[in-house]
Structures are given as C-alpha cells and as structure tokens.
Amino acid sequence: MEAERRYSFGGRSGGDDPTEAPEQDATEEQPERVVPDDTPVDIEGAFRDSNVQEVLDKLDRELVGLAPIKTRIKETAALLLVDRVRTGVGLPAAVPSLHMSFTGNPGTGKTTVALRMAEILHRLEYIRKGHLVTVTRDQLVGQYIGHTAPKTKEVLKKAMGGVLFIDEAYYLHRPENERDYGSEAIETILQVMENQRDDIVVILAGYKDRMERFFENNPGMHSRIAHHLDFPDHTAGELLQIAGLMLEEQQYRFSPEAEAAFREYLDLRIERPNFSNARSVRNALDRARLRQANRLFDAGGRGLTRKDLMTIEPEDIRASRVFQDAASGTEETGTDIR
Amino acid sequence: MRITQGTFSFLPELSDEQIKAQIEYALEQGWAVNVEYTDDPHPRNTYWEMWGLPMFDLRDPVGILEEVQDCREAHPNHYIRVSAFDSTRGWETVRLSFIVNRPEHEPGFRLMRQEVDGRKIRYTIESYAVTGKPEGERYGG
C-alpha cells in the first residue's frame, strides 16, 4: 500500500527537478528513433495546419503601418514553426524564451498586437490556451507587507497557459521609494518568467524612454526578455487609413471634402500635446459623430436619407477646437481638446 | 485503512497528470476550483479548511496544480482534496471533488456501540487518529 502511494502521489516531487525541464521533453519523446538526414520535411504543410496565416492576415488587415513589428512577428512565427518541424524529425528544439517588451507611444497598437501574438503562439502550440491577461501596477502590487506576493501570484495563475500583458510596466519600479512593494512583484514575476517558460509568456509595455530606464534599473528583467519591439508613431497618412477602417466598422463614411478636412485636422492634431495616435483618431471620430448627430437633429429631420445618417460632412470636423486654436494661434496645453 | 471520499473514490490514487486532466475538465466547464485540506476526515465533516482563495477566472490547470503542490508541502500529513464549484443558477454546488493527498499512515475508524434504553444499540464510528488529539497533531503531523 505504501509503495503504491509513493508511486502515484510522487509524480511531481521536486518541482525543479532537472529531468522535468521542458527542453528535454522534445528529445525524450522519441528516444531511440533514428531519422535519416534526407527525410523530407513539410514546412508548408505544418504552416497550413497551424492556421497561422489567418492570424497574420488579420494582423495585416487590422493594423495599418507598423511594418517592422509585422516582420518581427512573422519571424517569430517562422522560428516556432521550424522548431516544431524539427521536433517532428527527431532534432532537438530548445524552447525559446518568448518574453517580450513592447515600447512605443500610446495608441500605436501595443495591446492589439499582444492579442494577436497570444493567438499566434496558441496556434503554434507554444502556449496552451492563448488568452491575454492585461494588468497594470494596481493588480500586481499590494498595499501592505505580505500582500504583494499572493496578489501577483493570483494574477500569474490567471495568465497561466496564456500571455500576461503588463501595461506601463515601469510603474512597478519606484526608485524614489526603496520600501515600495513593486520590486517584490518584479521578483515574483521574474521567477515565473524563468522557471515556467512553457506555461506563460510575459509582455511588458510602455513608453520607450521610461521602459529603458526601467530595464536599466532591473537588469534581471532585461536579460530575460529576448524580444524588444519598438512601435513607431503613425504617419498622418496611416492615421487617415485607420480612421477609414474605424468608420467602416461603424458603418459611417467621410464625404470626400470631409476626408480632406480630416487630413488637415490630423496634421494640426499631431503637433498638439497629448497626441496619442490611433486613440486620438478614435476620439476625434467620436466627436465628429456627435456633431453629425447634432447637425442632423437641428436640420429638423426633413429630407434626410439613409445616406445622410452614414456620412460625415466637413463641417462636423471643421467645428473642432483644433482648427480654431490654429487660426487664433493660441498654444493651449489642455487635455480636453474638442 | 484507506479512506475514500468523493469522485473517483473507487480508483487508485490519481497521478499528477490525471489530476491535471480533471482540473482541465473542471475549468472547461467553467467551474471554480478550490484546494481544501483537513486532518479530520470523518465522512460527516464537510467543512475542510481552504487552502488560499477559491480560484475563479483561471484558464489553465498549471496554477492550480502548483497550489496543490504547495499545500502538500505545507501539510504532508493531511488529507487534501480538489473541489470544483459550479455557480450556474440551479446548480450552485460542488460538482466534482476528489482526494489528492493523504497521510502516510491511516489507522482508520472503529465502531462505537452505545447501549441505550431497552437494550437497543446505537452505532457510530470514531477515528483512531483524530480522537483525543487537537488539530494539527493528528496523523503524526
């Protein structure tokens, strides 16, 4: 009875037993099989089976610009795919570390890319579930001594089998307060990043300069992140394209004059403080819709057609304060730009 | 005497792989999984201590298996069970519960007879390990 008990319950005795390391699994699966070197491999077939192309296409469709990011994602996908094919013919494939850092200004698509990344990693069977858990400092760092570690662990448990996306990760480290609990959270996360690479992928995101300072102060974190992706700002042309996509989604469209007006608006808006790329575009469009609704309402509803409900006219955009400020030459730094 | 309770009580002990598969199933059903422990395994004792909080919103069994492992390390000589709670309206109950750890030595239960009026006998069971010892000192733990 006793021997039986030991056998069945001792399945995972140590936790960090080296024979259980994920790197070994691939080779142990086919211990004695000898595969000749000229065995044909079907990378294309594997690619098709994984349905990754679908996600890559979606990424291409949904995200305007961001060419370097897209290339990077494709490269990562290729590496994982080749690793999978390698395992299939008995070659060892070390589990790559896929923790990433996304740096870039707000509204450049970091969260969206993280979502797609989770999907791609899931399709390539690198992570088991493919869900994305987005957290900020609040959800990781506790309020009193001994509160942080359990809180962080709770979040990590939720993210197991998926991707943990830590937004504005630099807030975790507060150098000005050495008793801050943030470093405890960093340590807990680091441990999991190192020991459970096959269970979780951690993505840190934030402004570029602040993230760089964060990594300087946390060299451990820096060395464990293999992929640093920098998200470039969108150009005005790209933003216009994004605006088009957003409107299409909501069944609206610009009249040709309105498109020109919006283009002008973007040129002015980019120069203003607090510009946050696609997010600002979304807000601008929301306000344009508001004005359009008002305009239609004031028109008294006479002679309106379905087309009028869908079309945004130049006056909906020209009413923006951005134009008025530009005309009067005031340099206002308020956040509330209408 | 090997005490059996809950689901799979008729089977030999589950391996960690099998436990993981069961947890996976519970998570797929949308049940919240808990880890509980006790050193009073009387069948009528439904109130086991909770190990940490119930784990809502989890997607992967690895995190739960880790908690089981932590609990085993902290309480090697306790009974530990994994239970899955279904919050669906109308159910609102534990749907799955199985033992994942037991003490090294289980002395079992003895039958107690109480003579009552009219030479009637009432029966009850009493654990050799539990009786007379406070919590934490039973089962040599």
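Residues numbered from 1 in each chain as written. Chains lettered and ligands numbered in written order. Predicted model: local features only at pLDDT ≥ 70, side-chain atom pairs only at ≥ 80, totals over all residues. Heavy atoms only, no water.

Undergrad: I tried to follow a nonpolar patch on the surface on my own but got confused; where do I start?
TA: All names here are of chain B. Taken together, L111, I121, Y123 and I125 make up a surface patch of nonpolar side chains, about 370 Å² in accessible area. The biggest single contributor to the nonpolar patch is strand β6 (residues 120-127), with three residues. Mapped onto the fold, L111 is located in strand β5 (residues 109-116). (Patch = residues over 30% accessible without salt bridge, like charges linked within 9 Å, V, L, I, M, F, W, Y side chains within 5 Å. Areas by Shrake-Rupley, 256 points an atom, 1.4 Å probe, with all protein chains shown as cover. Salt bridge = Lys/Arg side-chain N within 4 Å of Asp/Glu carboxyl O. Helix = DSSP H or I, 4+ residues; strand = E, 2+ residues; numbered from the N terminus.)

Undergrad: Hey, could you run me through the packing of helix α5 (residues 67-88) of chain A against helix α6 (residues 110-123) of chain A in this one?
TA: Between two packed helices, both the angle of their axes relative to each other and the distance between the axes serve to describe the pair. Residue and element names in this part refer to chain A. Following both chains from N to C, one finds α5 and α6 inclined at 15°, their axes separated by 10 Å at the closest point. With respect to α6, the element α5 is oriented roughly parallel. Crossing angle aside, the handedness with which α5 passes α6 is right-handed. Listed contacts from α6 to I69, I73, T76, A77, L80 and R84 of α5 are V113, M117, I120, L121 and R123. Taken together, the residues of the contact of α5 with α6 break down into eight nonpolar, one polar and two charged. (Axes fitted to C-alpha atoms, helices over the stretch in contact; angles between N-to-C directions. Parallel < 35°, antiparallel > 145°, perpendicular 65-115°, else oblique. Left-handed = near helix turned anticlockwise from the far one by under 90°. Contact = heavy atoms within 4.5 Å. Nonpolar A, V, L, I, M, F, W, Y, C, P; charged D, E, K, R; others polar.)

Undergrad: What is the right way to look at the sheet that holds strand β4 (residues 201-206) of chain A in this model?
TA: Whenever strands of a sheet pair, they do so through backbone hydrogen bonds, lying parallel or antiparallel. Residues and elements named next belong to chain A. Overall, parallel pairing links the five strands, which are arranged β2-β3-β4-β1-β5 in an open sheet. Here the strands that pair on one side only, and so sit at the sheet edges, are β2 (132-135) and β5 (227-231). Each adjacent strand pair in this sheet contributes to an overall mean axis angle of 20°, direction not counted. Pairing between strand β3 (residues 163-167) and β4: five bridges, direction parallel. Residue pairing in the sheet places I166 in a bridge with L204 of β4. (Pairing = 2+ DSSP bridges.)

Undergrad: Explain the pattern of salt bridges here, please?
TA: Where charged atoms from two side chains of opposite charge come close, those side chains can pair. Residue and element names in this part refer to chain A. Per the counting criterion, the structure on display carries 26 salt bridges over all chains. One salt bridge in this structure joins R116 and E119, with 3.1 Å as the shortest N-O distance. Residue R116 and its partner E119 are both found in helix α6; the two are separated by three residues, about one turn of the helix. You'll find R116 and E119 in the same group, each marked buried. Residues D230 and K208 are paired through a salt bridge, measuring 3.9 Å at the closest nitrogen-oxygen approach. Of this pair, D230 sits in strand β5 while K208 sits in helix α10 (residues 208-217), and the two are 22 residues apart along the sequence. According to the relative accessible area criterion, D230 is partly exposed, its value standing at 34%. (Buried < 20%, exposed > 50% of the residue type's maximum accessible area, 1.4 Å probe, protein only.)

Undergrad: What is the right way to read the side chain of A:Q196 from this model?
TA: Take A:Q196: it is sitting in the loop between α9 (182-195) and β4. Classification of A:Q196 by relative accessible area gives buried; the value is 12%. Those residues in contact with A:Q196 that sit more than four places away from it in its chain are A:M160, B:V62 and B:E66.

Undergrad: So what exactly am I meant to see when it comes to the domain arrangement of chain A here?
TA: For interface size, the figure often reported is the accessible area lost on association. Residue and element names in this part refer to chain A. The assigned domain composition of chain A is domain 1 (39-231) and domain 2 (236-328). Computed from C-alpha atoms alone, the centre-to-centre distance between domain 1 and domain 2 is 35 Å. Listed as interface residues are eight residues of domain 1 and, on the opposing side, eight residues of domain 2. When the area that domain 1 buries against domain 2 is broken down by residue, the three leading residues are V64, P106 and G107, summing to 76%. (Domains from an automatic or database assignment. Buried area = accessible area lost by both parts, 1.4 Å probe.)

Undergrad: Help me out: how do you make sense of the nonpolar core in this one?
TA: What tends to happen in soluble globular proteins is that the nonpolar side chains get buried as a cluster. Residue and element names in this part refer to chain A. Membership of the largest hydrophobic core comes to 33 residues, with the highest contact counts inside it found for I73, F102, I120, L121, V163, V201 and I203. The residues touching I73, leaving out its near neighbours within four places in the chain, are L56, L59, V113, M117 and I120. L156, L164, M193 and F214 belong to the second largest nonpolar core, which has 28 residues in total. (Core = buried A, V, L, I, M, F, W, Y, C linked by side-chain atoms within 4.5 Å.)

Undergrad: What's the story with empty space enclosed by the protein in this structure? I'm lost.
TA: If you roll a probe as big as a water molecule over the atoms, it shows you where there is empty space left. What the rule picks out here adds up to three cavities of 30 Å³ or more. Counted as a void, the largest cavity has a volume near 110 Å³. As for the largest cavity, its lining consists of 14 residues, and the residues nearest its centre are B:R2, B:F8, B:S9, B:E13 and B:I99. The residue makeup of the lining of the largest cavity, split by class, is seven nonpolar, four polar and three charged. Taken as a whole, the second largest cavity holds about 60 Å³ of empty space. If you trace the second largest cavity, you find it lined by A:F262, A:Y265, A:A284, A:R287, A:A288, A:R291, A:D316, A:I317 and A:S320. (1 Å grid on protein atoms, 1.4 Å probe; cavity = no way out; pocket = protein on both sides within 12 Å on 5 of 7 lines; lining within 4 Å. Points joined across faces, edges and corners; volume = space filled by probe spheres on them.)

Undergrad: Could you clarify how one ought to interpret the packing of helix α4 (residues 52-62) of chain A against α6(A) in this entry?
TA: Residues and elements named next belong to chain A. One way to put it is that α4 packs onto α6 with a least axis distance of 9 Å and a crossing angle of 170°. It follows from the interaxial angle that α4 and α6 lie roughly antiparallel. Within the contact between the two elements, α4 uses V52, E54, V55, L56, K58, L59 and E62 and α6 uses T112, R116, E119, I120 and R123. When its residues are assigned to classes, the contact of α4 with α6 shows five nonpolar, one polar and six charged.

Undergrad: Even after reading the chapter, I still don't get the pairing of β3(A), so can you show me in this structure?
TA: As a general feature of sheets, a regular strand has side chains that alternate between the two faces. All names here are of chain A. The buried fraction of β3 is high, at four of five residues. Summarising the sheet, β2 and β3 pair through four bridges and their orientation is parallel. Opposite L132, over in β3, you have V163 as the bridge partner. Crossover connection from β3 via α9 to parallel β4: handedness right-handed. (Right-handed = clockwise from strand over helix to strand, strands pointing away.)

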